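Fold and geometry: a report
In case you want the letters, here they are:
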Amino acid sequence: MADDRPKSVKDVPADKFIEAFAAYLKQTNKVQLPQYVDYVKTGSFKELSPLDPDWYYVRAAAIARRVYINQGMGVGAFRRAFGGRSNAKGSATPEHHAKAAGGVIRHALQQLEAMGLVEKNPAAQGGRRITPEGQRQMDLVAGGVTVTRFHYLG
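Residues numbered from 1 in each chain as written. Predicted model: local features only at pLDDT ≥ 70, side-chain atom pairs only at ≥ 80, totals over all residues. Heavy atoms only, no water.

As annotated in an unreviewed UniProt entry, the chain is Small ribosomal subunit protein eS19 from Chlorella ohadii. The chain has a UniProt comment under Sequence similarities (unreviewed entry) that states "Belongs to the eukaryotic ribosomal protein eS19 family." (UniProt positions renumbered as here; feature names shortened; annotations may be inferred.)

Okay, the environment of Glu19 next. Counting through the fold element by element, Glu19 comes out in helix H1 (residues 14-28). The class of Glu19 is exposed, set by a relative accessible area of 62%. For the pair Glu19 and Leu51, spaced 32 residues apart in the sequence, the C-alpha separation amounts to 16 Å. (Helix = DSSP H or I, 4+ residues; strand = E, 2+ residues; numbered from the N terminus. Buried < 20%, exposed > 50% of the residue type's maximum accessible area, 1.4 Å probe, protein only.)

When you line up the elements, Thr42 lands in the loop between H1 and helix H2 (55-69). Excluding residues that lie within four positions of it along the chain, Thr42 makes contacts with Pro50, Trp55, Arg59, Ala100 and Ala101. (Contact = heavy atoms within 4.5 Å.)

The next point concerns the pattern of salt bridges. One pass over the structure, following the stated rule, counts five salt bridges. With a closest N to O distance of 2.3 Å, Arg128 and Glu113 form a salt bridge. Of the two residues, Arg128 is situated in strand S4 (residues 128-130) and Glu113 in helix H4 (residues 102-115); the sequence distance between them amounts to 15 residues. In this structure Arg128 comes out as buried when scored by relative accessible area, which is 10%. Judged by its relative accessible area of 26%, Glu113 falls in the partly exposed class. Across the salt bridge formed by Arg136 and Glu133, the nearest N and O atoms sit 2.9 Å from each other. Here Arg136 pairs with Glu133, and both are found in helix H5 (residues 132-143), just three residues apart, close to one helical turn. (Salt bridge = Lys/Arg side-chain N within 4 Å of Asp/Glu carboxyl O.)

Here it is as structure tokens:
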């Protein structure tokens, strides 16, 4: 049964890993929160700031997971990925996709760089990539996540 433990981030469901890694980031106390964390919105299409007091750690964990899985993503790609609908539901005007706030994403990436989890990609395309130390730490956190396995009777 010891073989059933997840060995990497890709073996764990995204929501469970992000929750566990956000708790890890908060516990290590290495991430410095920006001063505006209490009242900033995560996008221009949002009406309110996030209600979860630990939302910044969750966003940083989601960014770290995305860099782990898809190396080379930059701030612009994260803005598109974390964006949403630009219009209120039920409005008469057509809905369009709006990008997320770039400052929050940029600050989270800089904090992950300061921790040594990600680094700038030296390739011509730019973006960020995971460091070997970052991969090791993220895989350790993923190994601690309990994953329920289903056995189908056929």
